[in-house]
Number of protein chains: 2
Amino acid sequence: MSDTTCELCRTDGGQILYRNQHLRIVLVDDPQYPGFCRVIWNDHIREMTDLALTDRQMLMEAVWACETAIRTIIVPDKINLASLGNLTPHLHWHVIPRFTDDPTFPSPIWATAIRRGLRSTDTSLQGALTEAILVQLGKDSRLLPSQA
Amino acid sequence: MSDTTCELCRTDGGQILYRNQHLRIVLVDDPQYPGFCRVIWNDHIREMTDLALTDRQMLMEAVWACETAIRTIIVPDKINLASLGNLTPHLHWHVIPRFTDDPTFPSPIWATAIRRGLRSTDTSLQGALTEAILVQLGKDSRLLPSQA
């Protein structure tokens, strides 16, 4: 299922860290929030409850792998998870490392910034996160490794 | 596990729609977003990946039950899901019915409002949502019904 007007059908949506036939994990290009990842379902599906239960579980296992990788590599003060899709109604999860000195903390990142971010992009993040995600998927998931 | 300084350890956090020994589902008192629910883990746990995988699945099954109930009763234009916890680092999921004419759409509800909300509270929501959640938990979940 694909929608030619949908950005997540037309593009990867970020630097690919992992991909299988069902979903992909990308690194978001946002220097204010280094390590911000998205887990994107490949098909153009609107809501989690439009997916079969086993597919929902597979998607969430990728979110947990991503969260664990981010906690290992970035060591943030908090993880934020969100699936919104108001502008792009194509299932995707934001997995966001938060720091107490990031531009919007303790508000969600969509609130008005209250300070300048101090952190910059780290070009080694892509490789380190990819490796940590693969380790986690191999360890935790019943569904993903054979489909990688 | 409990933290005496934590609001979600000290209070229910809303009108209880469902409760078992692991988690509770509450209706949030926000007239701008009628039907806004939270699924709250009872123990004071910080991140999803601090929970065992089976507990994560149980919590997400309650989120899906909540999403289905909201879609059935409220029929929103979109569902927004989020687990943030920057101010209250005690696992809870926001399950938010969104309408294209709500105060912040298409932004997340934490953005600055761009219009006055037109919807008001409906006192019948609590009963209707409770019933729909119980139907859904009985239908979909392997874990919750016997613990209800």
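See the structure printed just above.
Residues numbered from 1 in each chain as written. Chains lettered and ligands numbered in written order. Predicted model: local features only at pLDDT ≥ 70, side-chain atom pairs only at ≥ 80, totals over all residues. Heavy atoms only, no water.

So, about helix α2 (residues 53-73) of chain B. Residue and element names in this part refer to chain B. Over its 21 residues, α2 extends 30 Å from the first C-alpha to the last, a length consistent with the 30 Å expected when each residue adds 1.5 Å. The buried count for α2 comes to 15 of 21 residues, which makes it a mostly enclosed element. Immediately beyond the C-terminal end of α2, within one or two residues, lies V75, with a positive phi of roughly 50 degrees. (Helix = DSSP H or I, 4+ residues; strand = E, 2+ residues; numbered from the N terminus. Expected span 1.5 Å × (residues − 1). Buried < 20%, exposed > 50% of the residue type's maximum accessible area, 1.4 Å probe, protein only.)

This part is about the packing of aromatic side chains. According to the stated counting rule, one finds two aromatic pairs over all chains in the structure shown. Measuring from ring centre to ring centre gives 5.6 Å for W93(A) and W93(B), while their planes differ by 85 degrees; the resulting arrangement is edge-to-face. Of this pair, W93(A) sits in strand β5 (residues 92-98) while W93(B) sits in strand β5 (residues 92-98), placing the two residues on different chains. Of the residues examined, W93(A) reaches a relative accessible area of 0% and is grouped as buried. Ring geometry for W110(A) versus W110(B): centroids 6.4 Å apart, planes at 25 degrees, classification stacked. In this pair, W110(A) sits in the loop between β5 and α3 (125-140) while W110(B) sits in the loop between β5 and α3 (125-140), so the two residues belong to two different chains. Judged by its relative accessible area of 23%, W110(A) falls in the partly exposed class. (Phe/Tyr/Trp six-rings, centres within 6.5 Å; stacked < 30°, edge-to-face > 60°.)

This paragraph deals with the pairing of strand β2 (residues 23-27) of chain B. All names here are of chain B. Within β2, five of the five residues are buried, which leaves it mostly tucked inside the rest of the structure. Neither face of β2 is open: one carries L23, I25 and L27, the other R24 and V26, and all of them are buried. Direction of pairing for strand β1 (residues 15-19) relative to β2: antiparallel, over a ladder of four bridges. Looking at the pairing, Q15 lines up with L27 of β2. (Pairing = 2+ DSSP bridges.)

Moving on, we get to unusual backbone geometry. Residues and elements named next belong to chain A. Here the residue pair F105 and P106 is connected by a cis peptide bond, since its omega of 5 degrees sits within 30 degrees of zero. Residue V75 is not a glycine yet carries a positive backbone phi of 50 degrees. Checked against the element boundaries, V75 lands in the loop between α2 (53-73) and β4 (78-83).

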